[in-house]
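Residues per chain are reported as follows:
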Amino acid sequence: MAEPKKEAYRAYLESAGVIESLTKVLVSLFEEPDKPVNAVEYLKAQLGGPTRSEHEALKTENEELRTLVEQLRQLVPEQPPAQEEATADELKEEVEAS
C-alpha cells in the first residue's frame, strides 16, 4: 500500500475511534490477571460482539423465524408483489418495535 493511502487509512481509523477502542481492549487483555483461553473471543466480547454460543443461538432463532414466516405466508392469500413488500416492511417494523 502506498504511503499516502496508509496515512489516509490510519486517519480514518483514528477519526472513527477504532484505534482507541482496540487499544483499550488490548490493554484490558494485557492487564487481565487470568488470561482467557480464547483471546479472540475475549476481544469480541469486549468490543460488544456476540460470543460463539450467542451467535449460534441467533442463527437458530433466525431459522425458526424464517420457518414461521414461511408457514404464515402459506396461510395468507397471495398478494401482488408491491403489497407483499409493504407488508414485509410493516412486519419488520412491528418486530423491531417489540
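No experiment lies behind these values; they were computed from the predicted model shown.

Draft legend 1. Expanded view of the packing of aromatic side chains. Counted by the stated rule, this structure contains 1 aromatic pair. Measuring from ring centre to ring centre gives 6.1 Å for tyrosine 9 and tyrosine 12, while their planes differ by 35 degrees; the resulting arrangement is tilted. Of this pair, tyrosine 9 and tyrosine 12 are both found in helix α1 (residues 3–15), 3 residues apart, which corresponds to roughly one turn of the helix. For tyrosine 9, a relative accessible area of 46% puts it in the partly exposed group. For lysine 35, the ring lying beneath its charged end belongs to phenylalanine 30, and the centroid distance is 5.9 Å.

Draft legend 2. Seen up close, the packing of helix α2 (residues 18–31) against helix α3 (residues 39–46). With their axes 10 Å apart at the nearest point, α2 and α3 run at an angle of 130 degrees to one another. Between α2 and α3, the crossing angle belongs to the class labelled oblique. The way α2 lies across α3 gives a crossing that is right-handed. Where α2 abuts α3, its residues Val25, Leu26, Ser28 and Leu29 lie against Ala39, Tyr42, Leu43 and Gln46. Taken together, the residues of the contact of α2 with α3 sort by class into 6 nonpolar, 2 polar and no charged.

Draft legend 3. Looking closely at the pattern of salt bridges. In total, this model carries 4 salt bridges according to the counting rule given. Residue lysine 24 is joined to glutamate 20 by a salt bridge in which the shortest nitrogen-to-oxygen separation is 3.3 Å. In this pair, lysine 24 and glutamate 20 are both assigned in helix α2, 4 residues apart and thus about one turn of the helix distant. Judged by relative accessible area, lysine 24 falls into the exposed class, the value being 56%. For the salt bridge of arginine 52 with glutamate 41, the shortest nitrogen-to-oxygen distance reads 3.7 Å. Separated by 11 residues along the polypeptide, arginine 52 in helix α4 (residues 52–75) and glutamate 41 in helix α3 bring together distant segments of the chain. Look at arginine 52 and you get exposed, because its relative accessible area is 56%. It is possible to trace a salt-bridge network through shared partners that takes in Glu41, Lys44 and Arg52.

Draft legend 4. Up close: a nonpolar patch on the surface. Together, Leu65, Leu68, Leu72, Leu75 and Val76 make up an exposed nonpolar region whose accessible area comes to about 480 Å². Within the secondary structure, leucine 68 sits in helix α4. The exposure class of leucine 68 is partly exposed, given its relative accessible area of 42%.

Draft legend 5. Local environment of the confidence of the model for the chain. Per-residue confidence for the chain gives a mean pLDDT of 87, with 89% of residues at or over 70. When the elements of the chain are averaged for pLDDT, helix α5 (residues 81–97) gives the smallest value, 68, and α2 the largest, 95.

Draft legend 6. Representation of a negative patch on the surface within the structure. A cluster of like negative charges, contributed by Asp89, Glu90, Glu93, Glu94 and Glu96, occupies part of the molecular surface. When you line up the elements, glutamate 96 lands in helix α5. For glutamate 96, a relative accessible area of 57% gives the class exposed.

Definitions and limits used
- Residues numbered from 1 in each chain as written.
- Predicted model: local features only at pLDDT ≥ 70, side-chain atom pairs only at ≥ 80, totals over all residues.
- Heavy atoms only, no water.
- Phe/Tyr/Trp six-rings, centres within 6.5 Å; stacked < 30°, edge-to-face > 60°.
- Helix = DSSP H or I, 4+ residues; strand = E, 2+ residues; numbered from the N terminus.
- Buried < 20%, exposed > 50% of the residue type's maximum accessible area, 1.4 Å probe, protein only.
- Lys NZ or Arg CZ within 6 Å of the ring centre and 35° of its normal.
- Axes fitted to C-alpha atoms, helices over the stretch in contact; angles between N-to-C directions.
- Parallel < 35°, antiparallel > 145°, perpendicular 65-115°, else oblique.
- Left-handed = near helix turned anticlockwise from the far one by under 90°.
- Contact = heavy atoms within 4.5 Å.
- Nonpolar A, V, L, I, M, F, W, Y, C, P; charged D, E, K, R; others polar.
- Salt bridge = Lys/Arg side-chain N within 4 Å of Asp/Glu carboxyl O.
- Patch = residues over 30% accessible without salt bridge, like charges linked within 9 Å, V, L, I, M, F, W, Y side chains within 5 Å.
- Areas by Shrake-Rupley, 256 points an atom, 1.4 Å probe, with all protein chains shown as cover.
- pLDDT = per-residue confidence, 0-100.
- Lys, Arg positive; Asp, Glu negative; His and termini not counted.
- Charge placed at Lys NZ, Arg CZ, Asp CG, Glu CD.

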